[in-house]
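Working through the structure, step by step
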Amino acid sequence: MTVEEKILILGALFHDIGKFVQRGILQTERLKHQEYSSGFINEVFKESVLSSIVANHHKEDLEKSKLSGTNRVLAEIICEADNLASGERQPDPTVKKQQPLESIFSKVDYKKRNPKLYLQDICELFYSEYQFPKQKDNYNLDDLERKYKKWWDSFEAEIKKINLQEVETIYYLLKKYLWCVPSSSYKTRSDVSLFEHSRITAAIAISMYRCLLEKYDNDISKFKEFDNREEFRYKLVLADVTGIQSYIYNIGHRGAAKALKGRSFFLQQMLDNVAYYFLRKLNLPIMNLIYSSGGKFYLFVPNTKFVNNTLKDLQKELEQKFLYEYNGALGIIIGDIELNGKDLEYDEKGKDHPISEKWDELNSIVEREKKRKLANNWIYSLFELGGIDGEIIKCSYTGVPLIKKGIIDRNETLTEAVHLDKDSPVKFMKHTFEGDIFYQLFENDKLTDDFISKEQFYSQKIGNDLKKHFETLIYQDVIEGYSVLDINSFKISKELKFENKLNSKEPRQFLINSLRITELKGDAQKGFKFYGGDWRFGDTYEEIVKNGEGIPRLGVLRLDVDNLGLIFKEGFGKHATFGRVVQLSSMLDFFFSHYLNRLKNFFWHPVDGLDENFNKNKYKIRELIEIVYSGGDDVFIVGYWSVLPDIAIWINDRFKEFTCNNPNFSISAGIALFDDKYPIYKAAIDAGNFEHKAKSKERKNREINAQSKKNGICFLDKDTPVSWNDFNEIRNWVRKFYEWIEEGLENKKKISKALISRLYSIYYEFEEGKYQNWAKWRWRASYSLTRLARQYEDPFGKEIKDFAAELFTSSKTEQELIQLLYIIANWTDLLTRKENKNDK
């Protein structure tokens, strides 16, 4: 960046920092926030030019100022960028004292349900410290100044510890503290954080500057019409990596437990690496990367000839790289859409806000382009015969062709012996042939017939590292000759000091799921990353399947947010702004990419379910499940089957709290069981089908006397998806029946497993009666359960009668309880089944 551009970016990032200072000072003693911002710049940066620009970023101040030349231009740009980035803020005369940040989830209402207002308290953006938003009526405003003052003091102390030449380090420190500070002054309500507002202002400012620079032939003195909102000065770019899910799960059984987690981690870093590559090629700062997660990233860029030509070149280059390095399994689709100032400003009288339509239109563009991959990048070599002929050596885990067998037989490719890590007994021989690298398993002092690809070797290596380092450090870099498959472009380590052994021009140093960036040392931009599932369980599925409760089976849980496209398109209605859209994206990603890591500290018991209190009869969650992928808006978890339903319930309950109990937000899930020998990619497909059923199949909802879809889960019975309310009721009965059979009630009296047979019989008679509520199953069930209650009069009699009453009245479930009885019986059956796990 030029000197002017760095001043512009820092000015945009810190123009409103004074609002943070203000909030820790009594209202009667406050100065203007511009004055506090300017004073902070003077104290910390000791930059008089930057301080003067920040002091005059409002139009009325700018008109009175003595700024001229380049400094005046920079102040004008920040002024307009600030206005475009703050459209959602409107003065509210009813606000008499300062308010905390309003939760963005309170503002989404495409269903017209008038959600209640919730407020976000000040806290760490860390899973163990994060506090859910509170309903406004339950929030105490009296102590707010003290909280903000304490929060400011922590920020001020930390910013003095970092290298102020590292703009990205500054960026991440601002994110750490400003994420929960409102972007407005105390007289205005705000649902966009000061961090999101500041980084959007910086992205708009640098984009406007570059656009004007091209328009006026690099002559800053000619810049004018800063507030021209008719010109299409900006572009929103979306890059979507396709085929990620099928690529992650398309892996052989052997080595899957290690490699699956490593593959997932690698692909997320690869996505970020591609995003950084874009930034480097476009010569843009980190603020222009609006969002990166869930297999896609968004960039806000200047609409210039240079950018447009570079985007075309990048698409061609990366399409070919993905095609060559992943043989078509992965691809990248890039789309963009022009924006002008009117797309970003807020029009209170407008029917809908254009930014929501533009966001949706951009996603539609990319979806259309997925159907015509390589349409603008055809080369004749695509039609030429290629690959390896004759007898082929393939990767034992993925089936990818590696080399012709005859070449291996000549022993001309062996180079060195390597280990997954220094503590691993597993040894491989590295092969190199015409630039390609692959590995051969070495056991009992001799080479085996097992070969693995470079990608598979490093996926297992990363999996090993993730198992050892729960608070991991990643060094990320963009280097010449960039390769999307180059796993060496980052590494995982415990070291806090960075050494630039690659002589990289732009090294980046990240802590994974830790905010302690001031402890990082070395000449690199420093930051933190959120990663969902920063732990790994056993090395093999055969090992995991021996550890849980009930029948020895594994399971896959898949879930995602319902109607997400509709939420972004219509959720804010005419009140949509760019800031709100970005705020919503960031907070959703925080929940899935980071907050779910709370699970690793939980324990589980078949009766008690999930909690954070340990006793010797409980299982450790981190030894039963691992999050293979969690980010954007969806989750993939693999683990021991019996714990996954409670995991799903916990995620749904926390998601409701996180989204302020807003009925516009819901999630749907599917759980599939599989044997430890069953291919993981098939289990992933099965769970996906169950999830699809939960989303698409209508179910009767007696409360509203209508059919419902989504907002539910499908488990054990693919033809019977259920609401979360009904799933909780099912779980309660399974919990009781398990306790009756396995643990007993008073004086440890137990009930026979014949109970399960009776439940099955009742359901099958209901099924034979073609699901009629008043068929013969009803009186037979009454007779059967009455006899059972008499047989076990004390202490089970009343409990059995209560179950019978609920079976006939369904007072607590949306569907008839008899329709759910198969799931109850089957779940209890599997949970109480005792197979010899050592035979597995």
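Below you will find a few notes about this structure. (Residues numbered from 1 in each chain as written. Predicted model: local features only at pLDDT ≥ 70, side-chain atom pairs only at ≥ 80, totals over all residues. Heavy atoms only, no water.)

1. Details of the overall build of the protein chain
As a reminder, the rule being used: A run of H or I in DSSP counts as a helix once it spans at least four residues, and a run of E counts as a strand once it spans at least two, with each numbered from the N terminus. Radius of gyration means the value over C-alpha atoms here, while the globule rule gives 2.2 Å times the residue count to the 0.38 power. Here the open area of atoms and residues is found with the Shrake-Rupley method and a 1.4 Å probe, where only the protein chains shown may cover a residue. Asp and Glu count as negative and Lys and Arg as positive, but His and the ends of the chain are not part of the count. For charged residues, the charge sits on one atom: NZ in Lys, CZ in Arg, CG in Asp, CD in Glu.
The number of helices and strands found in the protein chain is 26 helices and 28 strands. Against the 2.2 N^0.38 benchmark of 28 Å for 840 residues, the protein chain shows a C-alpha radius of gyration of 29 Å, consistent with a compact globule. For the protein chain, the C-alpha atoms occupy an extent of roughly 95 × 80 × 45 Å along the three principal directions. Here the protein chain has roughly 35,000 Å² of accessible surface; of this, 46% comes from carbon and sulfur atoms. The distance from the centre of the 127 positive side-chain charges to the centre of the 127 negative ones in the protein chain is 3 Å.

2. Details of the environment of T448
This is how it is decided: Any N or O atom pair separated by 3.5 Å or less is treated as a polar contact, with the protein-specific requirement of one donor-capable and one acceptor-capable atom, and with residues adjacent in sequence counted only for side-chain atom pairs.
Looking at the secondary structure, you find T448 in strand 13 (residues 446–453). Polar side-chain contacts of T448 include one of 3.0 Å to the backbone oxygen of L441. A distance of 3.1 Å separates a polar side-chain atom of T448 from the backbone nitrogen of D450.

3. Considerations on the pattern of salt bridges
Pairs can form between side chains of opposite charge once their charged atoms are near each other. The test is simple: Salt bridges are identified by distance alone: a Lys or Arg side-chain nitrogen within 4 Å of an Asp or Glu carboxyl oxygen. Buried means the residue's accessible area, taken with a 1.4 Å probe over protein chains only, is under 20% of the maximum for its type, while exposed means over 50%, and partly exposed covers the values in between.
For the coordinates displayed, the defined rule picks out 48 salt bridges. For the salt bridge of R731 with D646, the shortest nitrogen-to-oxygen distance reads 2.8 Å. In this pair, R731 is assigned in helix 22 (residues 724–743) and D646 in helix 20 (residues 644–658), connecting sequence segments 85 residues apart. The exposure class assigned to R731 is buried, which follows from its relative accessible area of 2%. K718 serves as the salt-bridge partner of D719, at 3.7 Å between the closest nitrogen and oxygen. The exposure class assigned to D719 is partly exposed, which follows from its relative accessible area of 41%. K718 sits in the partly exposed class, given a relative accessible area of 46%. Look at the salt bridges and you will find they share partners, linking E80, R229, E230, K342 and E345 into a network.

4. Side note on the layout of surface pockets
Which entries qualify depends on this criterion: Grid points spaced at 1 Å and placed over the protein atoms alone form the basis of the search, with a cavity being a set where a 1.4 Å probe fits but cannot get out and a pocket an open set showing protein on both sides within 12 Å along at least five of seven lines. Lining residues have an atom within 4 Å of a point. Grid points are joined across faces, edges and corners, and a volume is the space filled by probe spheres set on the points.
Taken as a whole, the second largest pocket encloses approximately 880 Å³ of empty space. Along the walls of the second largest pocket sit 34 residues, with D240, G294, K296, L564 and D633 positioned nearest its centre.

5. Points about the sheet that holds strand 22 (residues 625–631)
Defined as follows: Strand pairing is assigned whenever DSSP detects at least two bridges linking the two strands. Contacts are residue-level and defined by heavy atoms, with any inter-residue pair within 4.5 Å sufficient. Under this scheme, a helix contributes an axis fitted over its contacting stretch, all axes are lines through C-alpha atoms, and angles between N-to-C directions fall in the 0 to 180 degree range.
Read from one edge to the other, the open sheet built from six strands follows the order 22-23-18-24-27-28, with strand pairing classed as mixed. Looking along the sheet, the strands with just one partner apiece sit at the ends: strand 22 and strand 28 (722–723). Taken together, the three bridges between strand 24 (residues 667–674) and strand 27 (residues 712–715) define a ladder with parallel strand orientation. Following the sheet pairing, A669 is matched in strand 27 by I713. Contacting strand 18 (554–561), strand 22, strand 23 (634–640), strand 24 and strand 27, helix 20 crosses the sheet at an angle of about 15° to strand 18.

6. Some words on the pairing of strand 23
For strand 23, the buried fraction is high: seven of the seven residues fall into the buried class. Alignment of strand 18 against strand 23, held across seven bridges, turns out to be antiparallel. What sits directly across from V556, in strand 23, is V638. Both strand 22 and strand 23 contribute to a ladder of six bridges, which runs antiparallel. Among the inter-strand pairings, I625 is bridged to a residue of strand 23, identified as G639.

7. Details of the packing of aromatic side chains
Put simply, the rule reads: Each pair of aromatic rings taken from Phe, Tyr and Trp, with Trp reduced to its six-membered ring, is defined by centres within 6.5 Å and is described as stacked if the planes are under 30 degrees apart, edge-to-face if over 60, and tilted in the remaining cases. Comment: the charge-over-ring label is applied if NZ (Lys) or CZ (Arg) is within 6 Å of the ring centre and within 35 degrees of the ring normal.
For the coordinates displayed, the defined rule picks out 68 aromatic pairs. Ring centres 5.9 Å apart and planes at 65° place the aromatic pair Y209 and F223 in the edge-to-face group. With a gap of 14 residues between them, Y209 in helix 9 (residues 194–215) and F223 in the loop between helix 9 and strand 4 (234–242) connect regions that are remote in the sequence. No difference in accessibility class separates Y209 from F223, as the two residues are buried. With 6.1 Å between their ring centres and 55° between their planes, Y760 and Y822 make a pair best called tilted. On the criterion of sequence distance, the pair formed by Y760 in helix 23 (residues 754–768) and Y822 in helix 26 (residues 821–832) is long-range, its members being 62 residues apart. Residue Y760 is classed as buried on the basis of its relative accessible area, which comes to 15%. The ring of Y276 has R508 lying over it, and the distance from NZ or CZ to the ring centre is 4.2 Å. Across the ring face of F510, the terminal group of K529 is positioned such that the distance to the ring centre comes to 4.7 Å.

8. Structural notes on unusual backbone geometry
Both trends apply: most residues other than glycine have a negative phi, and most peptide bonds are in trans. Although it is not a glycine, N218 sits at a positive phi angle of roughly 65°. Relative to the helices and strands, N218 resides in the loop between helix 9 and strand 4. With phi around 70°, L716 is a residue other than glycine that occupies positive phi space.

9. Side note on the sheet that holds strand 5 (residues 289–293)
Two orientations exist for strands paired in a sheet by backbone hydrogen bonds: parallel and antiparallel. Strand order in this open sheet of four strands is 5-6-4-7, and the pairing throughout is antiparallel. Each edge of the open sheet is held by one strand with a lone partner, namely strand 5 and strand 7 (331–339). Strand-to-strand, the axes of this sheet are offset by a mean angle of 15°, without reference to chain direction. Sheet analysis places strand 5 next to strand 6 (residues 296–302), joined by four bridges and oriented antiparallel. Bridge assignment links S293 to a residue of strand 6, and that residue is K296.

10. Looking at the side chain of R580
With respect to the helices, strands and loops of the structure, R580 is situated in helix 19 (residues 578–593). Residue R580 is classed as buried on the basis of its relative accessible area, which comes to 8%. If we skip the residues at most four places from it in the chain, R580 touches E88, I104, K107, D191, V192, F572 and H575.

11. Describing the side chain of N303
Looking at the element boundaries, N303 is found in the loop between strand 6 and helix 12 (305–326). A polar atom in the side chain of N303 sits 3.0 Å from the side chain of E338. If we ignore the near neighbours within four places in the chain, the residues touching N303 are C211, F232, R233, Y234, K235, N308 and E338.

12. Let's talk about empty space enclosed by the protein
Following the criterion strictly, the structure yields five cavities of 30 Å³ or more and no others. Volume-wise, the largest cavity comes out at about 640 Å³. Lining of the largest cavity is provided by 34 residues; of these, Y172, K175, S292, F530 and D589 occupy positions nearest its centre. When residues of the lining of the largest cavity are traced back to their parent elements, those giving at least two are helix 8 (167–178), helix 9, helix 11 (256–282), strand 5, strand 17 (525–529), helix 19 and strand 22.

13. Digging into the nonpolar core
Rules: Side-chain atoms within 4.5 Å are what join buried Ala, Val, Leu, Ile, Met, Phe, Trp, Tyr and Cys residues into a set we call a nonpolar core.
The biggest cluster of nonpolar side chains holds 250 residues, and the ones touching the most others in it are F14 and F155. Considering every element that reaches this core, the biggest residue donor is helix 11, with 16 residues.

14. Details of the packing of helix 24 (residues 777–791) against helix 25 (residues 793–809)
For clarity, the threshold we go by: For classification purposes, an angle smaller than 35 degrees is called roughly parallel, one larger than 145 roughly antiparallel, one from 65 to 115 roughly perpendicular, and anything else oblique. Should the near helix be turned anticlockwise from the far one by less than a right angle, the crossing is termed left-handed; should it be turned clockwise, right-handed. Put simply, Ala, Val, Leu, Ile, Met, Phe, Trp, Tyr, Cys and Pro go in the nonpolar bin, Asp, Glu, Lys and Arg in the charged bin, and everything else, Gly too, in the polar bin.
The interhelical angle for the contact between helix 24 and helix 25, taken along N-to-C directions, is 165°, at an axis separation of 7 Å. Taken together, the axis directions place helix 24 and helix 25 in an arrangement best described as roughly antiparallel. Note that helix 24 runs across helix 25; the crossing there is left-handed. Residues W777, R778, A781, S782, L785, L788, A789, R790 and Q791 of helix 24 lie in contact with helix 25, whose contacting residues are E793, G797, I800, K801, F803, A804, L807 and F808. For the contact of helix 24 with helix 25, the class distribution of residues is 10 nonpolar, three polar and four charged.

15. Some words on the pairing of strand 12 (residues 436–443)
In this sheet, strand 12 lies alongside strand 11 (residues 427–433) in antiparallel orientation, the contact comprising seven bridges. Among the inter-strand pairings, K427 is bridged to a residue of strand 12, identified as F442. Linking strand 12 back to strand 13 in an antiparallel pair, the connection comprises two residues, with N444 at a positive phi of about 50°.

16. Observations regarding helix 23
Using the following cut-off: Expected helix span is computed as 1.5 Å times (number of residues minus one).
With 15 residues, helix 23 should reach 21 Å at 1.5 Å per residue; the first-to-last C-alpha distance of 21 Å fits that figure. Those residues of helix 23 that fall on the buried side of the exposure criterion are L755, I756, L759, Y760, I762, Y763, E765 and F766. Contacts from the buried residues of helix 23 go to helix 22, helix 24, helix 25 and helix 26. Phi turns positive, to about 55°, at K770, one or two residues after helix 23.

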